[in-house]
Amino acid sequence: MPPIATNRRVEFIDAYRDLVLERGERGATLDALAKHVGASKGGLLHHFPSKSALVDGLCERFTELVAEDIADLPGSGLTPTEWYLGTSNDYTAPLERTMSALIRLTPANEATIRPVLRRARAQWYSIILADVGDAVLAKSIILLGDGIAYHAETYGTSDDSEFTDSASVERVVELVAQLREQRASRPNASPH
């Protein structure tokens, strides 16, 4: 997919994402989007001639946000596991919101959206697998991230939620570190 060309396109895409999350697919009409952004419908149609084009644009935006997220990892000082699980808890982040919108749009757009979501998951899986050296553990971390994201979206980040505390994520990170140490201390330990 080519990168999104203009800020106006990004503005339309982000507004479409927000409308999908607020009103659902049926409420995120072209008319509602143009009004939400304060643009003419003709201006919107210049960038996105159909809802299908908006879905494509949302997929492109998600791909860019995943690439940015991965690019931010090395400078974070965190392991891939820490980064992945920690960022999964921020349901207000553009990446998480975009993924949520895509998931909501998937039933009517499976052929377009599922491959994009699967590519993102495969990228993160390979990064985490390289870090932890165990396929089952890497898959478990991905699933834990999914659960954290689901929980954060369901309950928000309020302090009264017993599952959104950082201690839970820290404990998983400790367990991963212990497993990594155990694997490293075994003679002839296979990396995968």
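- Under an unreviewed UniProt entry, the protein chain has the name TetR/AcrR family transcriptional regulator and belongs to Gulosibacter sediminis.

**Digging into the UniProt feature "DNA-binding region" (unreviewed entry) in the protein chain**
Part 1 of the reasoning: Following the UniProt record, one finds the feature "DNA-binding region" (unreviewed entry) at residues 29-48.
Part 2 of the reasoning: Secondary structure over residues 29-48 splits into 75% helix and 0% strand, and the C-alpha atoms at its two ends are 12 Å apart.

**Focus: the environment of threonine 154**
Part 1 of the reasoning: Take threonine 154: it is sitting in helix α8 (residues 135-155).
Part 2 of the reasoning: Measuring from C-alpha to C-alpha, the distance between threonine 154 and tyrosine 91 comes to 9.2 Å, with 63 residues separating the pair along the chain.

**Quick word on the packing of α8 against helix α9 (residues 166-185)**
Part 1 of the reasoning: As a packed pair, α8 and α9 sit with axes 12 Å apart at the nearest point and diverge in direction by 175°. As the angle between them shows, α8 and α9 are arranged roughly antiparallel. Touching Leu137, Ile141, Leu144 and Ile148 of α8 are Val169, Val172, Val176 and Leu179, all from α9.
Part 2 of the reasoning: The class makeup of the residues in the contact of α8 with α9 is eight nonpolar, no polar and no charged.

**Regarding the layout of surface pockets**
A probe matching the size of a water molecule, rolled over the atoms, marks out where space remains unfilled.
Part 1 of the reasoning: If you add up the space inside the largest pocket, you get close to 670 Å³.
Part 2 of the reasoning: Put simply, the parts of the chain that give the lining of the largest pocket at least two residues each are α4 (51-72), α5 (80-88), α6 (94-105), α7 (110-132) and α8.
Part 3 of the reasoning: Residues that form the lining of the largest pocket fall into these classes: 13 nonpolar, five polar and eight charged.

**Overview of the packing of aromatic side chains**
Part 1 of the reasoning: Summed over the entire model, instances satisfying the criterion amount to two aromatic pairs.
Part 2 of the reasoning: Seen from their ring centres, phenylalanine 12 and phenylalanine 48 are 6.4 Å apart, and the 85° between their planes marks the pair as edge-to-face. Of this pair, phenylalanine 12 sits in helix α1 (residues 7-27) while phenylalanine 48 is found in the loop between α3 (41-47) and α4, placing the two residues 36 residues apart along the sequence.
Part 3 of the reasoning: Take phenylalanine 12: its relative accessible area is 1%, and that puts it in the buried class.
Part 4 of the reasoning: Seen from their ring centres, tyrosine 84 and tryptophan 124 are 5.3 Å apart, and the 50° between their planes marks the pair as tilted. Remark: tryptophan 124 occurs in helix α7 and tyrosine 84 occurs in helix α5; sequence separation between them is 40 residues.
Part 5 of the reasoning: Taking relative accessible area as the criterion, tryptophan 124 reaches 5% and is therefore assigned buried.

**Let's talk about α1**
Part 1 of the reasoning: With 21 residues, α1 extends just 24 Å between its outermost C-alpha atoms, more than 12% less than the 30 Å of an ideal straight helix rising 1.5 Å per residue.
Part 2 of the reasoning: Of all the bends in α1, the largest measures some 90° and sits at leucine 21.
Part 3 of the reasoning: Those residues of α1 lying buried are Arg9, Val10, Phe12, Ile13, Asp14, Ala15, Tyr16, Arg17, Asp18, Leu19, Val20 and Leu21.
Part 4 of the reasoning: Where α1 is buried, its residues touch α2 (30-37), α3, α4 and α6.

**A look at the pattern of salt bridges**
Part 1 of the reasoning: A full pass over the atoms with the stated rule returns 10 salt bridges.
Part 2 of the reasoning: Of the charged contacts, one joins glutamate 11 and arginine 8 as a salt bridge, the two residues approaching to 2.8 Å between their closest N and O atoms. Taken together, the residues glutamate 11 and arginine 8, both in helix α1 and three residues apart, mark about one turn of the helix.
Part 3 of the reasoning: What makes glutamate 11 partly exposed here is its relative accessible area of 36%.
Part 4 of the reasoning: You can call arginine 8 partly exposed: its relative accessible area is 30%.
Part 5 of the reasoning: Note that arginine 17 and aspartate 18 form a salt bridge whose closest N and O atoms lie 3.0 Å from each other. In this pair, the class of arginine 17 matches that of aspartate 18, namely buried.
Part 6 of the reasoning: When salt bridges with common partners are traced through the structure, they connect Asp14, Arg17, Asp18, Arg61 and Arg97 into a single cluster.

What counts and what doesn't
- Residues numbered from 1 in each chain as written.
- Predicted model: local features only at pLDDT ≥ 70, side-chain atom pairs only at ≥ 80, totals over all residues.
- Heavy atoms only, no water.
- UniProt positions renumbered as here; feature names shortened; annotations may be inferred.
- Helix = DSSP H or I, 4+ residues; strand = E, 2+ residues; numbered from the N terminus.
- Axes fitted to C-alpha atoms, helices over the stretch in contact; angles between N-to-C directions.
- Parallel < 35°, antiparallel > 145°, perpendicular 65-115°, else oblique.
- Contact = heavy atoms within 4.5 Å.
- Nonpolar A, V, L, I, M, F, W, Y, C, P; charged D, E, K, R; others polar.
- 1 Å grid on protein atoms, 1.4 Å probe; cavity = no way out; pocket = protein on both sides within 12 Å on 5 of 7 lines; lining within 4 Å.
- Points joined across faces, edges and corners; volume = space filled by probe spheres on them.
- Phe/Tyr/Trp six-rings, centres within 6.5 Å; stacked < 30°, edge-to-face > 60°.
- Buried < 20%, exposed > 50% of the residue type's maximum accessible area, 1.4 Å probe, protein only.
- Expected span 1.5 Å × (residues − 1).
- Bend = angle between axes of the 7 residues up to and from the residue.
- Salt bridge = Lys/Arg side-chain N within 4 Å of Asp/Glu carboxyl O.

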